[in-house]
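# Results of the structural survey
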Amino acid sequence: MIKFKTIQTKIKLLYLKFTGKIKKSNSTIEIHQSNNKSIDNILIFFPIKEESFRVALYTFRKLKKKKNINYYYVINNIYKHHFNLTGHVFNFYKTNKKIKIDETFYEDRIINKSFDMVIDLNNEFNFDLCLLINNIKSYYKVGFKGNYSDYFYNIQLETDVLEDSYNKIYSMLTWN
């Protein structure tokens, strides 16, 4: 069954690549503290799985809203009662191994908004979520290294120790 899913994912990616809907990221980016590119809008996709969600929430618990930065969070609807970060929160639902984003995400035109940074905290590949991230305009797209990550992220982190990777992302957000 796992081999079939892998083949199915490869076929979907090949089709999207052939039609030009996704491309490998060839752009070079510069990351340093004196970068003139201001980060005003940040979209963070919290993990689907509970264990990873708890680690991410613990790591980002001290993330404070700054007056010049807008944080947008997309979280699994199951965990919304545990989520207490300030910012705009949108829910997603996992049904039949598909991810469905809450309608308010589309009604608020988040999908058409240009973000400075999009962060995917899921350490496992999810086709629906990655396809959504691919369609969002952003200078930085941060995710975890995997078989298909070159198509979706221009900054990729290793997942050896999940909390360490989350701490790296947290430090990127708190540079100023």
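Note: the structure precedes this text.
To start, this report covers the structure provided alongside it. (Residues numbered from 1 in each chain as written. Predicted model: local features only at pLDDT ≥ 70, side-chain atom pairs only at ≥ 80, totals over all residues. Heavy atoms only, no water.)

### As for helix H2 (residues 50–59)
Buried within H2 are the following residues: Ser 52, Phe 53, Ala 56, Leu 57 and Thr 59. End-on, the buried residues of H2 take up no more than an arc of 160 degrees, which puts them together on one face. Lining the buried residues of H2 we find strand S2 (70–76) and helix H5 (162–173). (Buried < 20%, exposed > 50% of the residue type's maximum accessible area, 1.4 Å probe, protein only. Helix = DSSP H or I, 4+ residues; strand = E, 2+ residues; numbered from the N terminus. Arc of directions from axis to C-beta. Contact = heavy atoms within 4.5 Å.)

### Details of a negative patch on the surface
A cluster of like negative charges, contributed by Glu 158, Asp 160, Glu 163 and Asp 164, occupies part of the molecular surface. Mapped onto the secondary structure, Glu 158 falls in the loop between strand S7 (155–157) and H5. Using a relative accessible area of 46% as the deciding quantity, one classes Glu 158 as partly exposed. (Patch = residues over 30% accessible without salt bridge, like charges linked within 9 Å, V, L, I, M, F, W, Y side chains within 5 Å. Areas by Shrake-Rupley, 256 points an atom, 1.4 Å probe, with all protein chains shown as cover. Salt bridge = Lys/Arg side-chain N within 4 Å of Asp/Glu carboxyl O. Lys, Arg positive; Asp, Glu negative; His and termini not counted. Charge placed at Lys NZ, Arg CZ, Asp CG, Glu CD.)

### Here's the deal with the side chain of Asn 122
Mapped onto the elements of the fold, Asn 122 is located in the loop between strand S5 (114–120) and helix H4 (127–135). A distance of 2.7 Å separates the side chain of Asn 122 from the backbone nitrogen of Ile 48, its partner in a polar contact. Among the polar contacts made by the side chain of Asn 122, one reaches the side chain of Asp 120 at a distance of 2.8 Å. If near-sequence neighbours (up to four positions away) are discounted, Asn 122 is found in contact with Phe 45, Phe 46, Pro 47, Ile 48, Leu 129 and Phe 144. (Polar contact = N/O pair within 3.5 Å; in protein donor to acceptor, adjacent residues only side chain to side chain.)

### With respect to the pattern of salt bridges
In this structure the tally under the stated criterion is three salt bridges. The partner of Lys 49 in a salt bridge is Glu 124, with the nearest N and O atoms 3.0 Å apart. In this pair, Lys 49 sits in the loop between strand S1 (41–45) and H2 while Glu 124 sits in the loop between S5 and H4, placing the two residues 75 residues apart along the sequence. Residue Lys 98 is joined to Asp 128 by a salt bridge in which the shortest nitrogen-to-oxygen separation is 3.9 Å. Taken together, the residues span a long stretch of sequence, with Lys 98 in strand S4 (residues 98–101) and Asp 128 in helix H4 at a distance of 30 residues.

As far as function goes, none of this settles anything; it's purely spatial.
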